[in-house]
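For reference, the chains in residue letters:
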Amino acid sequence: MKALILVGGYGTRLRPLTLSVPKPLVEFCNKPILLHQVEALVKAGVNHVVLAVSYMSELLEREMRVQEQRVSSKTPGPLALARELLNVDNEPFFVLNSDVICDFPFKDLLQFHRGHGKEGTIVVRNHQKYVLYVTLVENKVLKKSTAILLPVQPNKKLPTSIEKEIFPVMAGESHLYAMELQGFWMDIGQPKDFLTGMCMYLHSLRQHAPERLRTGPGFLGNVLVDPTAQIGENCTIGPNVTIGAGVVVEDGVRIKRCTVLKGSRVRSHSWLESCIVGWSSSVGQWVRMENVTVLGEDVIVNDELYLNGANVLPHKSINESVPEPRIIM
Amino acid sequence: MLKAIILIGGPQKGTRFRPLSFEVPKPLFPVAGVPMLQHHIEACVKVPNLKEILLIGFYQPNEELNRFLFNAQQEFKMPIRYLQEFAALGTGGGIYHFRDQILSGSPEAFFVLNADVCSAFPLTEMLNFQKEHGEPNSFVILGTTANRKQSMNYGCIVENEKTNEVLHYVEKPSTFVSDIINCGIYLFNPEIFQHIGAVFQKNQQDMLLEEPTNGWHRAEAIRLEQDIFTSLAGQGKLYVYKTLSFWSQIKSAGSAIYASRLYLNQYHTTHPERLASNKEGGPKITGNVYIHPTANIDPTAVLGPNVSIGTGVTIGAGVRVRESIILHGATLQDQCCVLNSIVGWDSTIGKWSRVEGTPSDPNPNDPFAKIDSETLFRDGKLTPSITILGCNVNIPSEVIILNSIVLPHKDLNRSFKNQIIL
């Protein structure tokens, strides 16, 4: 079975993180976003994943080879271009958008799809108020919609055309079914939602795999800590915190609702809430960061500063407080 | 024999010092660990042959003031008395009203010091200057140099550059007059009362001729600056001694932090025992820090530069304090961070909270710059200033209080920025 993941785009909404790393490779809860999806697909019996990418594709290709040997990645353009790749066998295939995180219900989806026997199934939540980009589409759809898809420009966003041009046609022909999603769902394409999605994911982990969460004195609620990270004394971490590989958190630090990406250091007595600390960054002593402050890769925040909603581009050293939200070029 | 008079004002003055002046008369507010007035008194007692210090003001006698006077007399072995005006009589009216008290014992000269200034108080130098410039019965104003723009907020002095005689005196001129400003510290001899008396007589005459007014204007209310110095200038009586040593007004609460810095720096020569140092088992000290011996400070705290810690203050683990005054009985819980702030008596700051203000220091690149006693609001917005927590304010854990003024006895439950919290 095959699946198409619509990666595409520059991930501008997730800048400054995506200035260093393509969005699918940004670690969400200590695992690249794309890997969450690929692992779930593999579990459901998918053995061929096609990635529709455009930006930093080489980096993406290299990373995916390393991480998931079973998956071969290709770099086609839009769905129409992927037609050849998906059309080899007569199996249905999954289509999903790479921004989305949820308890991917691929097995249930396949079962549901086979049950109604029509051409397509879309996963919806909240009684169809919102359409999810996890779809299961029969190959026939591609044939039918060829005429619609071909005029699409290679750089035009594909999801638009699926929603606006394919689904209405399928629905009109009674070939589109909806399956309601159980559990959480979040579009994590921007920092604010990335953090909300993290909270949901950690909550889901608490229910399905609580052994992966860190507990004990100094940890509150759902906290995910990479085994290679070091946490100092008298810290209070959590709820809803993800600490990446090789991160050092010094003594007396308070972190809640944050993602600290790999290789970073948070120095003593600092206080962080609702932040994303980019790779290999350093947060000084007695720093206060809040309100969706996002540090890009290799940012240095000097001691005793206050960052409120700062968006800091990679490789910057910050010497002054940022009392109101703004972008630090 | 010499005397010194310190003009301490009264409760209607010092409103720019609120909310701190609600709890304690402003002249008793601690600067660099001791009451503002004590710096004046310590300078006075060093002057040879100075036998008595009189405080003149219109505060009702109160416990703090009495206790301060009692302790100061014990410590300095000198009569220090408070003379209460029946009303606000101005800088000249107060001393004129109590002239008999001042002149008793026949002092040949006496100093008059405003309480709301911070200075190295070069009083002996002023005496020497008076003796040396050849006019033994003259009056001396302590002057300092300001920058052109800021000079207009002060009393401006035009001098004869050879003799240092004051040729013109203008209080807060509307256009530039001179960059030499009045420091509010004077050396007089008893003859000054003749000049004040003349103004008093004239005021009485004027009032008899005038229509009866609302009654607020009194013949006794006389200002040294406008009513005396302006007319004495150019008469060969008034001289200016210009000092290069530090000087600042203490009008706003923000200037108390700046004044603390100046006095803490002076402690290196005058009171090295008042400066904290890094000791085994003690907190980490950077720069000049005063810690009252009764304060309880965790060794992992980092204090300074320019920090004053009052009696009975408790400071927890991993606390950071910089450019701040922590008043007696306050508690700073673990990992909290206090920058450019005054923390009121018995206030508490919760764990990981951040209390931060914006310093209102004079321009460091201008050697003659003075602190701006700005208004609280500009263009309808609160000007960023130091953060002040009034007495008994409770700040919960993990919040930020930024550029705010919190009035006494408040329990906050969230973060605040750029606000006055009533």
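Everything quoted here is computed from the prediction, not taken from an experiment.

1. Topic: the packing of aromatic side chains
All names here are of chain B.
Part 1: Applying the stated criterion to the full structure yields 17 aromatic pairs over all chains.
Part 2: Pairing Phe110 with Phe188 gives two aromatic rings, centres 6.0 Å apart and planes at 75 degrees, and the pair type is edge-to-face. Linking Phe110 in strand β6 (residues 109-114) with Phe188 in strand β11 (residues 180-188), this pair joins segments that are 78 residues apart in sequence. Of the two residues, Phe110 and Phe188, neither departs from the other in class, the shared state being buried.
Part 3: Taken together, the ring pairs in this structure connect Phe110, Phe139, Tyr169, Tyr186, Phe188, Phe193 and Phe229 into an aromatic cluster.
Part 4: For the cation-ring pair, Arg148 lies above Phe176, with the distance from its terminal atom to the ring centre recorded as 3.8 Å.

2. Points about the interface of chain B and chain A
When the parts of a complex come together, some accessible area is lost, and that lost area is often taken as the interface size.
Part 1: If you look at the interface, chain B gives 19 residues, while chain A gives 20 residues.
Part 2: Here chain B packs against chain A, burying approximately 1,400 Å² in sum over the two surfaces, 46% of which is carbon and sulfur.
Part 3: Summed over the three residues of chain B that lose the most area to chain A, namely B:Trp352, B:Arg354 and B:Glu398, the buried surface amounts to 45% of that side.
Part 4: On the surface where chain B and chain A come into contact, there are four salt bridges.
Part 5: One salt bridge in this structure joins A:Glu304 and B:Arg322, with 2.5 Å as the shortest N-O distance.
Part 6: If you list the elements that add at least two residues to the side of chain B that touches chain A, you get β20 (320-322), β23 (337-339), β26 (354-356) and β31 (400-402) of chain B.
Part 7: The residue makeup of the side of chain B that touches chain A, split by class, is nine nonpolar, four polar and six charged.

3. Points about the UniProt feature "domain: Mannose-1-phosphate guanyltransferase C-terminal" (unreviewed entry) in chain A
Part 1: UniProt's entry tags residues 220-328 of chain A with the feature "domain: Mannose-1-phosphate guanyltransferase C-terminal" (unreviewed entry), counted in the numbering of this structure.
Part 2: Along residues 220-328 of chain A, the helical share is 0% and the strand share 43%, with 32 Å between the first and last C-alpha atoms.

Parameters and conventions
- Residues numbered from 1 in each chain as written.
- Chains lettered and ligands numbered in written order.
- Predicted model: local features only at pLDDT ≥ 70, side-chain atom pairs only at ≥ 80, totals over all residues.
- Heavy atoms only, no water.
- Phe/Tyr/Trp six-rings, centres within 6.5 Å; stacked < 30°, edge-to-face > 60°.
- Helix = DSSP H or I, 4+ residues; strand = E, 2+ residues; numbered from the N terminus.
- Buried < 20%, exposed > 50% of the residue type's maximum accessible area, 1.4 Å probe, protein only.
- Lys NZ or Arg CZ within 6 Å of the ring centre and 35° of its normal.
- Contact = heavy atoms within 4.5 Å.
- Buried area = accessible area lost by both parts, 1.4 Å probe.
- Salt bridge = Lys/Arg side-chain N within 4 Å of Asp/Glu carboxyl O.
- Nonpolar A, V, L, I, M, F, W, Y, C, P; charged D, E, K, R; others polar.
- UniProt positions renumbered as here; feature names shortened; annotations may be inferred.

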